[in-house]
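# Descriptive analysis of the structure
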Amino acid sequence: MPYLNVIVKNPETGETDKNTSQFLVDTGASVSIINSRYESFIQKIKPYDSFKIQYGNGGLKNCPMYHVAAIIKGIEFNISVAYDAECPFLLLGHFEFMERNSYTIFDSYSSRLQIIRL
């Protein structure tokens, strides 16, 4: 699966993370996920809901949901993310990310992704 370099922004304060992170784009994921790398960042944001997540054959986890902005190649995407401190990766999924684009084209052979918004 392809990765995108993302800068995460707090939409309430305008504060951005000082570092770019690689997020895995997963066509099979329902929701975007951030992990412990963003623990201090999201402490400044109030969760708006929670989301039950299940990885493979594992049990259900109840994760808080946050509104953030994902800045990708200078374009800002307002998305919701679930926070799971134990998740080993950062993930962009369908809910409020891929579903808001006109086209999302994957080339799994070369791990390339093209996002088109009309």
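Quick caveat: nothing in here was measured; it's all calculated off a predicted structure.

Let us look at the overall build of the chain. On a plain count of helices and strands, the chain comes out with one helix and nine strands. Scanning the chain from its N terminus toward the C terminus, one meets helices and strands in the order β-β-β-α-β-β-β-β-β-β. Within the chain, the proportion of its 118 residues that are buried is 38%. Long-range pairs, those at least 24 residues apart, make up 49% of the contacts in the chain between residues at least 6 apart in sequence.

On inspection of all chains with the given rule, the structure shows five salt bridges. Linking Glu76 and Lys9 is a salt bridge whose minimum nitrogen-to-oxygen distance equals 3.1 Å. Note that Glu76 is positioned in strand S6 (residues 75-83) and Lys9 in strand S1 (residues 3-9), a separation of 67 residues in sequence. What makes Glu76 partly exposed here is its relative accessible area of 36%. With a closest N to O distance of 3.2 Å, Glu15 and Lys44 form a salt bridge. Residue Glu15 is found in the loop between S1 and strand S2 (21-25), and its partner Lys44 is found in the loop between helix H1 (39-42) and strand S4 (49-54); the two are separated by 29 residues along the sequence. By relative accessible area, which is 27% here, Glu15 ends up partly exposed.

Glancing now at the pairing of S4. Across six bridges, S4 lies against strand S5 (residues 60-72) in antiparallel orientation. Counterpart to Asp49 in the pairing with S5 is Met65. Where S4 folds back on S5, the antiparallel hairpin that results is connected by five residues, among which Gly56 adopts a positive phi of roughly 50°.

Moving on: the nonpolar core. Membership of the largest hydrophobic core comes to 21 residues, with the highest contact counts inside it found for Val6, Phe23, Ile34, Ile79 and Leu92. Those elements giving two or more residues to this core turn out to be S1, S2, H1, S5 and S6. Counting 10 residues, the second largest nonpolar core, distinct from the first, contains Val31, Ile33, Ile53 and Met65.

This part takes up the confidence of the model for the chain. Detail in the predicted coordinates should be disregarded across regions flagged by low pLDDT. The predicted model of the chain averages 86 in pLDDT, with 83% of residues at 70 or higher. The secondary structure element of the chain with the lowest average pLDDT is strand S8 (residues 103-107), at 63, and the one with the highest is strand S3 (residues 32-34), at 95.

Another point: the environment of Lys61. Mapping Lys61 onto the fold places it in strand S5. Assessed through its relative accessible area of 25%, Lys61 is described here as partly exposed. On a C-alpha basis, the gap between Lys61 and Asp84 in space is 8.5 Å, while along the polypeptide they are 23 residues apart. Apart from residues lying up to four places away in sequence, Lys61 is in contact with Phe51, Lys52, Ile53, Tyr55, Asp84 and Glu86. Only 2.8 Å separates the side chain of Lys61 from the side chain of Asp84, close enough to count as a polar contact.

With that out of the way, let us pick up the environment of Thr20. Among the structural elements, Thr20 can be located in the loop between S1 and S2. Remark: the alpha-carbon pair of Thr20 and Ile7, spanning 13 residues in sequence, is separated by 4.9 Å.

Rules used in this analysis
Each chain has its residues counted from 1, running along the sequence as written. Reporting of local features is limited, given that this is a predicted model, to residues whose pLDDT is at least 70; pairs of side-chain atoms are given and counted only at 80 or more, and all residues count toward the totals for whole chains, interfaces and linings. Side-chain measures were taken over the full set of non-hydrogen atoms in the model, leaving aside hydrogen atoms and water. Put simply, DSSP H or I for four residues or longer makes a helix, DSSP E for two residues or longer makes a strand, and each gets a number counted from the N terminus. Note on exposure labels: buried denotes an accessible area under 20% of the residue type's maximum, exposed denotes more than 50%, and partly exposed covers the range between, all computed with a 1.4 Å probe on protein chains only. Contacts between residues were defined by any pair of non-hydrogen atoms, one from each residue, lying within 4.5 Å. Counted as salt bridges are all cases of a side-chain nitrogen of Lys or Arg within 4 Å of a carboxyl oxygen of Asp or Glu. Any two strands are treated as partners once DSSP identifies two or more bridges connecting them. Working definition of a nonpolar core: buried Ala, Val, Leu, Ile, Met, Phe, Trp, Tyr and Cys residues. They are joined through side-chain atoms within 4.5 Å. As a per-residue measure, pLDDT tells how confident the predictor is, with possible values from 0 to 100. The term polar contact refers here to a pair of N or O atoms within 3.5 Å; inside protein, the definition further demands a hydrogen-donor-capable atom paired with an acceptor-capable atom, and it admits residues adjacent in sequence only when both atoms are side-chain atoms.

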